[in-house]
Amino acid sequence: MSDELKRMLEQVHSGITTFDFEGKETPCIVIDAKKYGVIRAKIEGQPFSVNTDLNILQDGLGNVFVEVVLSFSIGNISEKFLINAKTDLKFFEALATTSMLVLNSPESQYGKDNVIAIQLPRPEKAHDALEIIKSALIPKNQ
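Our subject in this report is the structure included herewith. Treat the numbers as computed from the prediction; the structure is a model and nothing was measured.

### Focus on the sheet that holds strand E1 (residues 16–21)
The pairing of strands in a sheet happens through backbone hydrogen bonds and is either parallel or antiparallel.
So, point 1. Strand order in the open sheet formed by four strands is E1-E2-E6-E7, and the pairing between neighbours is mixed. Two strands in the sheet have a free side with no partner beyond their single neighbour: E1 and strand E7 (116–119). The sheet shows a mean angle of 35° between the axes of neighbouring strands, taken without regard to direction.
So, point 2. When strand E6 (residues 100–104) meets E7, the two strands line up antiparallel, connected through four bridges. When the bridges of E7 are listed, Leu101 appears paired with Ile118.
So, point 3. In the packing of helix H2 (residues 33–43) onto the sheet, the strands contacted are E6 and E7, and the crossing angle to E7 comes to about 70°.
So, point 4. Set on the sheet, helix H3 (residues 89–98) makes contact with E1, strand E2 (24–30), E6 and E7; between it and E2 the angle comes to about 120°.

Take a look at the structure:
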């Protein structure tokens, strides 16, 4: 395993999951309770939008990581999460299906308590990303 791959694996966000929300599998990023509280406090009761970038990093050997960058229109909030697409492909499949993702606290029940739901402004980005991820997960040297 290369040093670069080890470094990437060490940076992967561990709170990646999906949950059933009104019959749809919904992608969820669980963040530290304190950080979650700060974000909620800054956006609570205000209209906001979130620019969502999916930066795909691949090595040609079947390892794919996606840096999810969330930039909120208010509160000077920008968050980055590195996701291992090999182990969390279901997250990206759900993202392409629902065109939304949820930020949640580990102290909340998924979909039951207050969550920060983020609707993707351009759903095609998630579809395109999923196709790139799936093709990149197949090692090119086979």
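### What to know about the pairing of E6
So, point 1. Among the five residues of E6, five are classified as buried, and the element is accordingly described as predominantly covered.
So, point 2. Covered by surrounding structure in E6 are Met100, Val102 and Asn104 together with Leu101 and Leu103, the residues of both alternating faces.
So, point 3. For E2 and E6, the ladder comprises three bridges, and the chain directions are parallel. Following the sheet pairing, Ile29 is matched in E6 by Leu103.

The rules behind the values
Residues numbered from 1 in each chain as written. Predicted model: local features only at pLDDT ≥ 70, side-chain atom pairs only at ≥ 80, totals over all residues. Heavy atoms only, no water. Pairing = 2+ DSSP bridges. Helix = DSSP H or I, 4+ residues; strand = E, 2+ residues; numbered from the N terminus. Axes fitted to C-alpha atoms, helices over the stretch in contact; angles between N-to-C directions. Contact = heavy atoms within 4.5 Å. Buried < 20%, exposed > 50% of the residue type's maximum accessible area, 1.4 Å probe, protein only.

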